[in-house]
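# Observations on the three-dimensional arrangement
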Number of protein chains: 2
Amino acid sequence: MKIVIAGAGAMGSRFGLMLHQAGNDVVLIDTWREHVEAIKKNGLRANYNGKEIAEPIPIFYPKELSDSHKQVDLIVMFTKAMQLKPMLQSIKPLIGPRTMVLCLLNGLGHDDTLQNYVPKKNILLGITMWTAGLEGPGKAKLFGDGEVELQNIDPSGEENARRIVDVLKKAGLNGTYSGNVMYSVWRKACVNGTLNGTCTLLDANISEFGATTVAVPILKSIISEFAAVAEKESVILDQEEILQHVIETFDPNGIGKHYPSMHQDLIKNNRLTEIDYINGAVARKGKKYDVPTPYCAFLTELVHAKEQILKAR
Amino acid sequence: MKIVIAGAGAMGSRFGLMLHQAGNDVVLIDTWREHVEAIKKNGLRANYNGKEIAEPIPIFYPKELSDSHKQVDLIVMFTKAMQLKPMLQSIKPLIGPRTMVLCLLNGLGHDDTLQNYVPKKNILLGITMWTAGLEGPGKAKLFGDGEVELQNIDPSGEENARRIVDVLKKAGLNGTYSGNVMYSVWRKACVNGTLNGTCTLLDANISEFGATTVAVPILKSIISEFAAVAEKESVILDQEEILQHVIETFDPNGIGKHYPSMHQDLIKNNRLTEIDYINGAVARKGKKYDVPTPYCAFLTELVHAKEQILKAR
């Protein structure tokens, strides 16, 4: 299968590598110069479950794409949320009438963006529990196990979705077909929406935030806003189950000692955050549906203030 | 006049010093050991508008108070907000039937606390624009000019209030009788409620916060919550005037380069904040009056989270 990975950061590298090893015709696309040049020179290097490997996978800047890259079967979107739209704009020529586009970005509202570039029947939405890191430009660090859950957003796309699930399964990526991926997307957004902005503002890891007396009240307020907005989109969230799911992340023996990705982006790497696609998306949707979302709105404002104070880019 | 300054920090030292120099019989009360011992040994020292002085003003720990300190004419409360209640409890024996108690603390709700210890007719509420700092234990740094505005909270107290205004005037403290001190208290609380918690969380000075694109929207949301709650207490705030008043503080050539006192308390000195008496008070009152105050509630929660993460005391 001819597959393009649009956004070859840590997670894109994992998917590209595993799909390539499974015999697919994989091409990576990215805009980060040092990363692209390193992969062009040395192939995609990785510490893959403890083994040092290098795979010669072609990588291009979006501007390098030519007719030879057309007739792609699958594009996997793995950009940062704010780069989804510019990336789709760049790779527009690759999106043919039969090209499936699988979006695995964190956050909400990406399906609306995708519909401006891809026929609805070809759009697949998913979430993944795989993890991945980068040791530096051109080199990934890939440990552990994970899953991908996906679904067509249009009923007519189910057969194609199941075909892509098989491709992911064959590559060891543990694809599963979801009967209700929107629920999973919202549930995962609740985790990010309660932990990312708060830990970033408080300069705390998940356990440190979770150990405060105000963590659970804050979680409840934010989850209730997500639920009220999700309901307007016919997704009925089980708030109590999600609350317990987030509380489990506080365990310092589990992932509690980690700093959420937004903290890494802003506090560690001085980069802009994805807050507009998590709490900011809920606040925007809340406005549209006339549902009050003050916690999401205020958290979004505070994270933007911090970005500006730190002159993040 | 026999005057007790209950809470002899920077501001209490200024008032104690100026009232003492004007010939009043002043006694200081405080609980900070190094500070009390230094003043017992060397008198209250100060850099007073550039002149080094030392005034032999008696200072006591609350537990040292005896019958000889009774029949006080005026007690000026200058503790941190959370120490108001324990201080009142300690100095209860000093509060006679004719003792006026003037409360100059920042924040809201202190009048309710005072009424548990002082007859309503003897309670004076005020705000001050004087500034003061401490160079170290026992030594104040007193520059610039200021005013005190005060009023009785019970109509029957007006004559006494005007008498205290005169005492402050004679001491150079620029006392004025206010026709509506509750308005001034709420207006000042709006300044603290918009700048203190936000700058503390964002680790920013007033100008840095003010320069962000989200500062004015945040100000508006918080001021509107203060106004909605104040209205339930028959104080009608001019939100637009207060907004402009806060925006003026952003000027880096004015006080903009300063960090609000809450930032100094928590981030610089690792001490608990007064958030429960500013935004927290509005959130509590909002609950009581069934007025939504999510920005105040969330800001209070986030500042408490930061206190706990930093193990502030």
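- If you look chain A up in an unreviewed UniProt entry, it shows as 2-dehydropantoate 2-reductase from Sporolactobacillus nakayamae.
- Here is the UniProt Function (unreviewed entry) comment for chain A, exactly as written: "Catalyzes the NADPH-dependent reduction of ketopantoate into pantoic acid."

## Some remarks on the nonpolar core
- Ranked by size, the top nonpolar core spans 138 residues in total, and within it Met-77 and Phe-226 of chain A together with Met-77 and Phe-226 of chain B carry the most contacts.
- Each residue touching Phe-226 of chain A, except ones within four places of it in the same chain, is listed here: Leu-108, Trp-186, Ala-189, Cys-190, Gly-193, Leu-237, Ile-278, Asn-279, Val-282 and Cys-296 of chain A.

## Some thoughts on the packing of aromatic side chains
- For the structure on display, the rule yields 9 aromatic pairs over all chains.
- Between Phe-209 of chain A and Phe-250 of chain A, the aromatic rings sit 6.4 Å apart at their centres with planes inclined by 75 degrees, giving edge-to-face as the arrangement. Here Phe-209 of chain A, found in helix 7 (residues 206–210), pairs with Phe-250 of chain A, found in the loop between helix 9 (239–248) and helix 10 (261–268); they are 41 residues apart in sequence, far enough to count as distant.
- The class for Phe-250 of chain A is buried, based on a relative accessible area of 10%.
- Ring geometry for Phe-15 of chain B and Phe-78 of chain B: centres 4.9 Å apart, planes at 70 degrees, overall edge-to-face.

## Regarding the interface of chain A and chain B
- Chain A puts 26 residues into the contact, and the matching count from chain B is 26 residues.
- Both sides of the chain A and chain B interface together cover about 2200 Å² of buried area, and 74% of this is carbon and sulfur.
- On inspection of chain A and its partner chain B, the count reaches 6 residue pairs in polar contact (both at pLDDT 80 or more).
- Contributing elements (two or more residues each) for the side of chain A that touches chain B: helix 6 (181–202), helix 7, helix 8 (215–232) and helix 12 (294–309) of chain A.
- For the side of chain A that touches chain B, the element with the highest residue contribution is helix 12 of chain A, accounting for 12 residues.
- Class assignment of the residues belonging to the side of chain A that touches chain B gives a composition of 17 nonpolar, 5 polar and 4 charged.

## As for helix 1 (residues 10–21) of chain A
Residues and elements named next belong to chain A.
- Here helix 1 is 12 residues long and its end C-alpha atoms lie 17 Å apart, about the 16 Å a rise of 1.5 Å per residue gives.
- For helix 1, the buried fraction is high: 10 of the 12 residues fall into the buried class.
- Positive phi appears at Gly-23, one or two residues downstream of helix 1, with a value of about 95 degrees.

## Some thoughts on the relation of the copies chain A and chain B
- Note on the identical chains: chain A maps onto chain B by a rotation of 180 degrees and an axial translation of 0.0 Å, with an RMSD of 0.0 Å. What the superposition gives is, in effect, a two-fold axis relating one chain to the other.
- Of the residues that chain A buries at the interface, 100% are likewise interface residues in chain B, meaning the two copies contact each other through the same surface.

Reading guide: rules and limits
- Residues numbered from 1 in each chain as written.
- Chains lettered and ligands numbered in written order.
- Predicted model: local features only at pLDDT ≥ 70, side-chain atom pairs only at ≥ 80, totals over all residues.
- Heavy atoms only, no water.
- UniProt positions renumbered as here; feature names shortened; annotations may be inferred.
- Core = buried A, V, L, I, M, F, W, Y, C linked by side-chain atoms within 4.5 Å.
- Buried < 20%, exposed > 50% of the residue type's maximum accessible area, 1.4 Å probe, protein only.
- Contact = heavy atoms within 4.5 Å.
- Phe/Tyr/Trp six-rings, centres within 6.5 Å; stacked < 30°, edge-to-face > 60°.
- Helix = DSSP H or I, 4+ residues; strand = E, 2+ residues; numbered from the N terminus.
- Buried area = accessible area lost by both parts, 1.4 Å probe.
- Polar contact = N/O pair within 3.5 Å; in protein donor to acceptor, adjacent residues only side chain to side chain.
- Nonpolar A, V, L, I, M, F, W, Y, C, P; charged D, E, K, R; others polar.
- Expected span 1.5 Å × (residues − 1).
- Least-squares fit on C-alpha atoms with pLDDT ≥ 70 in both.

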